[in-house]
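Topology and contacts: notes
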Amino acid sequence: MTLYSGALARMIDELGRMPGVGPKTAQRLAFYLLRQEPAAVERLAKTLVEAKETIRYCSICFSLCEEETCKVCQDAHRDATTICVVEEPNDVFVLERTKVFKGQYHVLMGTLSPLDGIGPEDLKITELLKRLETGRVKEVVIATNPDVEGEATAIYLGKLIKPLGLKVTRLASGLPAGGNLEYADDITISRALGGRREL
Amino acid sequence: MNITTLNTTNFRNIVEFKHDFSPSLNILFGNNAQGKTNIIEAIYIIGTTKSFRRVQDEKLINFGSEYVKIDAKIVKNEIEKDISIRFSRNNGKKILLNNKPIIKHADCVGNINVTLFCPEDLMIINGDAANRRRFIDILLCQTDRAYLSDLINFQRILKQRNNLLKEIRESRKTELLEPWDEQFCEFSCKITTKRDQCLRKINKMAHKCHQKLQFNENLALKYVCSIYSIEEENQADCKIAFKNKLKRVLNEEIAKGFSLLGPHRDDLEIEINQINTRFFGSQGQKRSAAISLRLAEAEYIKAITEEYPILLLDDIFSELDEQRKNDLIHMLQKKQQIFITGTSLAEFAGMAPEAKIFYIQEGKARIHAHTKQTR
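Read on for an overview of the structure. (Residues numbered from 1 in each chain as written. Chains lettered and ligands numbered in written order. Predicted model: local features only at pLDDT ≥ 70, side-chain atom pairs only at ≥ 80, totals over all residues. Heavy atoms only, no water.)

Residue and element names in this part refer to chain B. With mixed pairing, the six strands of this open sheet are ordered in space as E8-E12-E13-E3-E14-E15. Because the sheet does not close on itself, it has two edges, and the strands there are strand E8 (114–117) and strand E15 (364–367). When the angles between neighbouring strand axes are averaged without regard to direction, this sheet yields 20°. Where E8 meets strand E12 (residues 310–313), four bridges bridge the pair, whose relative direction is parallel. Opposite Phe117, over in E12, you have Leu313 as the bridge partner. (Pairing = 2+ DSSP bridges. Helix = DSSP H or I, 4+ residues; strand = E, 2+ residues; numbered from the N terminus. Axes fitted to C-alpha atoms, helices over the stretch in contact; angles between N-to-C directions.)

As structure tokens, then:
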């Protein structure tokens, strides 16, 4: 991008580093910001810096919070016998939105992926095992994504946790709720057939 | 299934093409580099959304033009459909089925099936094993949606596993392989089983086709599988057998840093009269074996979809002697729609009365005077 130079080029470059933002969107955002009142841009910059300073990972489950521990971990009404293991902090918000799960969470901060050089020691697995040692937990629900890496991580965790005598479960995969059989793709239907259950 | 009309704009060297086709035999003739294969390619793209030349879509656009358009009317199970594929330098690819855009391009594959015969098919016989795996993989992907997804997953796992093997060679613990091996075995067995089943059917069909074409020579296809010996045949135990085999090669795999067993290492052995064609076949034998494979592919598609695919025979006639040409045409005729290219009309002597003939020159097609008026 030789067209832009100096501060504008740096701005587009920084914005373009964000996920989902390509060079064109980065330019658009840059021009948008330049059109704004100085106060509005300052507010945005301040919000970003503040958020980065105050938001941290929960010391127990590694989801996002502004205190030492997150709201779920602090809540005495949550079921401490069940832990749901997810890949990323945002997965916690996705599951919380459903209001179905009453247990606690544990964020792995990624999945096993030799291609990216990520092994078990790069994930919060030791921390998870420590939580299990307390003896209160009876079930671990593994909610990693149903892709190749998520599946490998689930299998790895299962092999570690099962010998501890705990129940290990995996999220079901199949037809979407409220979906019409007609509109589901072949792979989803064959998965759903494989995971059918008795009425 | 057949294609009744093709209408292209700015497709390679063909600025404008608009013609109806015969539901049986269509002959395209003309000198080299006039655009015969481009018409074959356009029909192939209608069937598969992609070119067989393995090029970016942009290369399909006529030099100096901004976009390319391929419209076709097809008839499948007696129902007429319009397929339109457009590609522009600015807006990318769009596919319309009956004037409605198709979002997932893979959904368009299978509306019409095509089987292409071309001189490069010789690579299936002559080339390395990857060519033969590609042959069977493309066929399975066309006829089995789940296979494509299994294959994509397998390739991802294979990459991860190979990387892990290299890391284990450096420093990591061997136990880390376990979660990958679980899936590696599962997808390997799925792919192997499907390939094996498909090849058993193809084998019978190819054998039959070849006997008619090549004076009773015996053509046989065998899947050479690294997971289990085909004789064992007990696929329920496939996963267990493969896991045990993996254990035996573990140290070698770590030392080499890649996966030594699995569908990515398998091959397809092609024998004529019990002799491996790849190493010992004559040039003519190899050519006719390649043709028999494609014929079997068409028969296989017919068995699965209940309709013959459109046959595209690009430049393969010149390689056959008179007898074989006639035999081949006899086998094909009245079954399905056929497109054949060649450099002179003399090559098609004997079958011309049945056909609609196009003369291709400098990117322009005109109907040849000898064509019998069928409609």
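That shown, we press on.
The end-to-end C-alpha separation of helix H4 (residues 145–170) of chain B is 39 Å, in line with the 38 Å expected for 26 residues at 1.5 Å each. Measuring from the side-chain oxygen of the N-cap residue of H4(B) to the backbone nitrogen of Ala146(B) gives 3.1 Å; that N-cap residue is Asp144(B). (Expected span 1.5 Å × (residues − 1). Polar contact = N/O pair within 3.5 Å; in protein donor to acceptor, adjacent residues only side chain to side chain.)

Moving on, we come to the pattern of salt bridges. One pass over the structure, following the stated rule, counts 31 salt bridges over all chains. Two residues, Lys159(A) and Glu178(B), come together in a salt bridge whose shortest N-O distance is 3.1 Å. Placement of the pair is Lys159(A) in helix H7 (residues 148–161) and Glu178(B) in helix H5 (residues 178–213), with the two residues belonging to separate chains. Given the relative accessible area of 41%, Lys159(A) is considered partly exposed. Between Arg169(B) and Glu170(B) there is a salt bridge whose closest N-O contact spans 3.8 Å. Judged by relative accessible area, Arg169(B) falls into the partly exposed class, the value being 40%. Among the residues examined, Glu170(B) registers a relative accessible area of 60% and is labelled exposed. Connected through salt bridges with shared partners, the residues Lys159(A), Glu178(B), Glu182(B), Lys239(B) and Lys243(B) form a single ionic network. (Salt bridge = Lys/Arg side-chain N within 4 Å of Asp/Glu carboxyl O. Buried < 20%, exposed > 50% of the residue type's maximum accessible area, 1.4 Å probe, protein only.)

So, about the packing of H5(B) against helix H9 (residues 322–332) of chain B. Each pair of packed helices can be summarised by the angle the axes make with each other and by the distance between the axes. All names here are of chain B. Contact geometry of H5 with H9 gives a least axis separation of 9 Å together with a crossing angle of 135°. Viewed along their axes, H5 and H9 adopt a mutual orientation that is oblique. Note on element contacts: H9 touches H5 through Arg324, Asp327, Leu328 and Met331, opposite Cys209, Lys212 and Leu213. Residues of the contact of H5 with H9, tallied by class, amount to four nonpolar, no polar and three charged. (Parallel < 35°, antiparallel > 145°, perpendicular 65-115°, else oblique. Contact = heavy atoms within 4.5 Å. Nonpolar A, V, L, I, M, F, W, Y, C, P; charged D, E, K, R; others polar.)

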